[in-house]
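Survey of secondary and tertiary structure
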Amino acid sequence: MYEEPRNGASVSPAGEEPSLGVLIRTWREQALLTQEELAKRSGLNPRTLRRLEHGEPHRPRGSSLLALAEALGLDPRKHKQLVAASLRSHTHPRARGFKDDTDAPAPAMTMPRQLPPGPAHFVGRSKELRTLDGMLTTDEQIMRTGPKVVVIAGCAGIGKTALAVHWAHLVADRFHDGQLYVNLRGFAPSAEPADPAEAIRSFLGALGVVPQQIPAGADAQAALWRSVVNGMRLLIVVDNALDAGQVRPLLPGGSGCLVIVTSRNQLPGLVAAGASPLVLEPLSNGDSLRLLAERLGAARVVAAQKAAKEIAAGCAGLPLALSVVAARASIHPDFSLDDFAVEADAASSWLDVLSCEDPFADVRSAFSWSYRTLGAAAARMFRLLGMHPAPDIGVPAAASMCGLPVRQARALLAELHRAHLIAESVPGRYQLHDLMRAYAVELAAAQESRTERHQAERRIFDHYLLTSLAASHQLTGLPHDSIPVDPLALNVRPESIATYQQAMEWYQREHRTLLALVDHARDNGDDCRLDRLARGLADYLDRGRHWQEWRLVEHGHRATST
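1. Here we look at empty space enclosed by the protein
Under the defined criterion, the tally for this structure stands at 3 cavities of 30 Å³ or more. Volume-wise, the second largest cavity comes out at about 50 Å³. Around the second largest cavity sit Val325, Arg328, Phe340, Glu343, Trp350 and Val353, which together line it. Where the lining of the second largest cavity is concerned, the elements lending two or more residues are helix H16 (319-331), helix H17 (337-346) and helix H18 (350-353). For the lining of the second largest cavity, a count of residues per class yields 4 nonpolar, no polar and 2 charged.

What follows is the structure, encoded as structure tokens:
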């Protein structure tokens, strides 16, 4: 127990945690220092030190506490005790202009509460909310384990910020030292990405560090930031990050903080360093309808259930798209959802339906911010992938479609995946969100010549045709007919099929793609390739007992042969 101090110094009643003044005086006397000697060692004004020991209503800055801890030779445990005692005081340091050599009282300042307003309508994400809840720990645990970092990633408009801010508001009271928020502008319509040093200066200012005490160098600023927040219990939301390099300087060191990062990129560098990834998927159809009902009222959605389902399907589970439609319907409360569904049917693309003047709400614009971060080769691959006739594609097929070596194609697909412009449905197979596919098709039409689009279509067809002929040979044992294709001249990379088992596995993966190609070839009058592709596919469908699909292929085959 701390004894009652002499000379009117602050007192901690029995049974209570010692006050800041009691701790400073006790440790100063244990170090055999006078107030003047401690002031000189720490760089504080002697009158400031006397005010602290006497318990005047003032909380010193984190940098002052660090200087005191170093001057007193405190170990990390005592340093945290000093910080905790400071946090129990009633005021922050003044927001501006305070110097330790002044006698003017410091005005009170509230704890930082920087979270933006949460989404007015939030549905679904129960699994993700449970995952975030699992990140919470007791004060004692987090002080032992250090800060936790969560990376919420996903494509544009998927609801990353909404989830982060919604959950942060739910748990804000668990972080008694406050909540900090910064938008790093990694993907924005006009502004450049934020400099991490800019965010650090903003955070330090929110915690009461005056500009005069912030060093000039970026590394020194990051070090001061880590020192100030050491021992604090903060929730920090780092929104819209471009890459890991933007985030690393903002991470606390050994303090009891939780950091939530949102990004359209996966930020593998942070994950490799111990951050927990949380990748968002599109909303389910049920949650999409519930979001519309939340925004428009259940009665309006129930009155036009078919139209509501069509709208939800057109928005493909993208919360941003659903919000745009709901906003338009809210502006016109007398219009039925049937009217909006008819408008969507008449539009050339759902992207036209979802366009608006606000670049932050326009879906096409939101996609463009991710697209413009790509290298030229990855951007070309993204455009061509929109022309692929099936929902997903493997690495060899993507290589053929783009006329690239498989190794290079794999690297470009990884770049697109990191940017969340494509999803990896199963290992080695990639797909585009429906609205993202529509965006890729638009870009291909605008930026690829008619000749290049035609060549890409021919390469992908020949890729599947050549591989199918090899697979069919393994199924039947019969030699396949030669076809007028020079794979090397066209940069086509057919897959190697050397056994019956490989052939069956390839057909299992690709038979839906082959069915789509059969329809495409039939519609475009390419009878030579259609005949050969249909025969190989029919062999597999017959063995696999896919009778309905076999009849469709055989019917089309006979129709083109007559």
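2. Brief notes about the sheet that holds strand E3 (residues 235-241)
By definition, the strands of a sheet pair up through backbone hydrogen bonds, in either a parallel or an antiparallel sense. Ordered by their spatial adjacency, 5 strands build an open sheet running E2-E3-E4-E1-E5, and the pairing between neighbours is parallel. Looking at which strands have only one partner, the edges of the open sheet turn out to be strand E2 (179-183) and strand E5 (276-279). Across the sheet, the mean angle from the axis of one strand to that of its neighbour is 15°, orientation sign disregarded. Pairing of strand E1 (residues 148-153) with strand E4 (residues 258-263), which is carried by 6 bridges, proceeds in the parallel orientation. Bridge pairing links Ala153 to Ser263 in E4.

3. Brief notes about the confidence of the model for the chain
Residues with a pLDDT of 70 or more make up 82% of the chain, whose mean pLDDT is 82. Element-level pLDDT for the chain is lowest in helix H7 (residues 139-145), with a mean of 49, against a maximum mean of 96 in helix H20 (residues 376-385). Scored below 50 in pLDDT, residues 90-109 makes 46 contacts in the model with residues more than four places away or belonging to other chains. Here residues 558-562 is a poorly scored stretch, pLDDT under 50, and it has 3 contacts once near neighbours within four places are set aside; other chains count.

4. Looking at the sheet that holds strand E7 (residues 423-426)
Ordered by their spatial adjacency, 3 strands build an open sheet running E6-E8-E7, and the pairing between neighbours is antiparallel. In this open sheet, the two strands that pair with only one neighbour each are strand E6 (392-394) and E7. Going across the sheet, the axis of each strand differs from the next one's by a mean of 40°, ignoring polarity. In this structure, E7 lies alongside strand E8 (residues 429-431), joined through 3 bridges in antiparallel fashion. In the strand pairing of E8, Glu424 is matched with Tyr430.

Procedures and definitions
Residues numbered from 1 in each chain as written. Predicted model: local features only at pLDDT ≥ 70, side-chain atom pairs only at ≥ 80, totals over all residues. Heavy atoms only, no water. 1 Å grid on protein atoms, 1.4 Å probe; cavity = no way out; pocket = protein on both sides within 12 Å on 5 of 7 lines; lining within 4 Å. Points joined across faces, edges and corners; volume = space filled by probe spheres on them. Helix = DSSP H or I, 4+ residues; strand = E, 2+ residues; numbered from the N terminus. Nonpolar A, V, L, I, M, F, W, Y, C, P; charged D, E, K, R; others polar. Pairing = 2+ DSSP bridges. Axes fitted to C-alpha atoms, helices over the stretch in contact; angles between N-to-C directions. pLDDT = per-residue confidence, 0-100. Contact = heavy atoms within 4.5 Å.

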